[in-house]
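Residue-level structure breakdown
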Amino acid sequence: MTYAITQTCCNDATCVAVCPVNCIHPTPEERAFGSTEMLHIDPRACIDCGACADACPVDAIFPVDSLSAGQREYADINAAYYEGEEPLPVGDEVDGPNFHVWGEPAFERSLPSDFGPLRVAVVGTGPAGMYAAQDLLLHTAAEVTLIDRLPVAGGLVRYGVAPDHPATKKVGDTFSRFHSHPRVRMHLGIEVGRDVTAEELSAHHDAVIYAVGASTDKRLGVPGEELPGCLSATAFVAWYNAHPEAVAQGVDLSAERVVVVGNGNVALDVARILVADPEALAATDIAAHALDALRASRVREVVVLGRRGPEDAAYTRSELLALKHVPGVELVVDDHDPRTPTAIDAAGAGDRAAVLKGLARVRTDAASPTDGERRIVLRFHSEAVEIQGGGGGVRSVRVTDGGGGGGGGGTADLGAGLLLRAIGYRGLPVPGLPFDEASGTVPHDGGRVAGLPGSYVVGWIKRGPSGGIGANRTCAAETVGTLLADAVAGELPAPKGGAKAFRRLARQRNRRVVDARGLAAIDRAERDRGRRDGRPRVKLATVEELVATARPGRLLRLTR
């Protein structure tokens, strides 16, 4: 029996590190690592030890003979990755169980044994920040200050991962064990540029790592985009994940059709949530207000617009495969443009477009569907050119339409009451740091912020909005390696204040700071609320609720 990596693979390569026979690829040292959608286990070399499954932070690895019907395709996907390689050695040619060449060991992220502990601030408690903190805590004696502008930790794991992906959220358990680490101090609810400056943060630490992500979205730039009912996927995701800055009752789901512009994983996430069975979502940590709205929703069809063809879609093959198995939801392809069926029919077995073979092909008409099961329509070679209003909101979306005539330049109007744009994220400037407006990132060299000794970046604010959760592990390794090299070279500015001085400063500026004890109280309260409702947790949805739960019995200053 062999193991296989499945849909929830996060690509953080923890499994690679524990595999005793080096049969999981690509590894972080291999060129394909940055571009592959997921990691793969070589079934010819796997020795069935299960070490990878034990180490996987997102429960993505299972024995092949235990895969469910919806996961069986992944056994073939793992095996297909190794097709065309040289045959494995057999008989007397085998010197041991290792059939893959090991790279040279490297210890790039460490300090000399006589080096004093560094004091490092990490701004942002999402995956990028926590991978950086983890690296520092495991490889050095550093003291880490965790800072987040929200009064609760988690970042993208808490507020970005779809609620029906609980396995992916389990990576948060890996990070949460560092929240109460004896060398960690936590200051949640502190915003750089509002409560403290970048200069003040640097003055109290040997180094500062900014992991602030890409918190805004890109615009369509078409007429009607400002209409009520035209939202960013970022806002919609925040709404159903109980982000405290999202409007609790702000999404109108009274129309039968929704148009989603974009062809990435986020577009598939929001489409799936819109038509999923609300009672299935009731077993997740979806926001209570979103669950109520979805139960009352009239949405029966989501049209996902892709500007290019199915062969160029940005979503991962694994997410598309999962979309085919959503109970009670039909996945279909709009064949208005002849290039779409041609590309699907010509796709090779390993191509992303091949996943669409066998799906029903339809023509999306102007009217919304009125009967039948809920469905998601993938409409390629089509983009929104105008959002038309009526009745105080969105009435229809004008889209380009090949019309079966060889991809001509016609248009069609699709009746819809909601449009969600999911065309990418963009970073925002951090006060006190340089910023590249063109890329939406902070200029850097290996993570070192240009012109600011002792300041570093990691994650999407460093490399742009690309790569999932696990990509931040190797990104953090590079940044931490650069930081430690600078420390050894004596290039870090000496801090003027210590940890206690920074704690006093933070609490003077913001009386509602949440520490690790308060975060634990929030976690207990949410889990207790969940148990009462038969759910894993019911999230506190406002800053006031979070702070009051973290600091019970104290007089809170709710205004500043």
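Provided above is the structure to which this section pertains.
Let me begin by describing the structure that accompanies this report. Please read these numbers as outputs of a predicted model, since none were measured by experiment. (Residues numbered from 1 in each chain as written. Predicted model: local features only at pLDDT ≥ 70, side-chain atom pairs only at ≥ 80, totals over all residues. Heavy atoms only, no water.)

Moving on, we get to the side chain of Lys-462. Of note, Lys-462 is situated in helix 15 (residues 460-463). The class of Lys-462 is buried, set by a relative accessible area of 5%. Polar side-chain contacts of Lys-462 include one of 3.0 Å to the side chain of Thr-479. If we skip the residues at most four places from it in the chain, Lys-462 touches Thr-441, His-444, Gly-446, Gly-447, Val-457, Cys-475, Glu-478 and Thr-479. (Helix = DSSP H or I, 4+ residues; strand = E, 2+ residues; numbered from the N terminus. Buried < 20%, exposed > 50% of the residue type's maximum accessible area, 1.4 Å probe, protein only. Polar contact = N/O pair within 3.5 Å; in protein donor to acceptor, adjacent residues only side chain to side chain. Contact = heavy atoms within 4.5 Å.)

Pairing of strand 16 (residues 384-390) with strand 17 (residues 393-401) involves six bridges; the strand directions are antiparallel. Paired with Gln-388 across the two strands is Ser-396, which belongs to strand 17. Between strand 16 and strand 17, which pair antiparallel and follow one another directly, the connecting turn spans two residues, one of which, Gly-391, has a positive phi of 65°. (Pairing = 2+ DSSP bridges.)

On the basis of which strands lie adjacent, the open sheet formed by seven strands has the order 10-19-11-12-15-13-14 and parallel pairing. At either end of the open sheet lies a strand with only one pairing partner, and these are strand 10 (230-232) and strand 14 (360-362). The average undirected angle you get between the axes of adjacent strands in this sheet is 25°. Strands in contact with helix 9 (residues 233-240) are strand 10 and strand 19 (418-421); relative to strand 10, the strand with the most contacts, it is inclined by about 75°. (Axes fitted to C-alpha atoms, helices over the stretch in contact; angles between N-to-C directions.)

A separate point is the pattern of salt bridges. Scanning all chains against the criterion turns up 38 salt bridges. Its salt-bridge partner being Arg-219, residue Glu-226 comes within 2.3 Å of it at the nearest N-O pair. The salt bridge partner of Asp-528 is Arg-531, with a shortest N-O separation of 2.1 Å. Highlighted residues: Asp-528 and Arg-531, both in helix 18 (residues 516-533), separated by three residues, approximately one helical turn. Connected via shared salt-bridge partners are Arg-158, Asp-523, Glu-526, Arg-527 and Arg-537. (Salt bridge = Lys/Arg side-chain N within 4 Å of Asp/Glu carboxyl O.)

Before going further, it helps to examine the nonpolar core. Soluble globular proteins tend to pack their nonpolar side chains together in the buried interior. In terms of nonpolar packing, the biggest core is built from 118 residues, with Ile-24, Tyr-240 and Leu-378 touching the most fellow members. Look past the residues within four positions of Leu-378 in its chain and what remains in contact with it is Leu-268, Val-304, Tyr-315, Leu-320, Leu-331, Val-332, Val-333, Asp-334 and Leu-356. Residues Ile-190, Val-196, Val-208 and Leu-505 belong to the second largest nonpolar core, which totals 21 residues. (Core = buried A, V, L, I, M, F, W, Y, C linked by side-chain atoms within 4.5 Å.)

Residues of helix 14 (residues 339-346) that are buried: Thr-340, Pro-341, Ala-343 and Ile-344. The buried residues of helix 14 all sit within an arc of 160° when viewed along its axis, so they share a single face. In helix 14, the exposed positions that point more than 90 degrees away from the buried face belong to Thr-342 and Ala-346. Buried-residue contacts for helix 14 involve strand 13 (329-334) and strand 14. (Arc of directions from axis to C-beta.)

The values are spatial; any link to function lies outside them.
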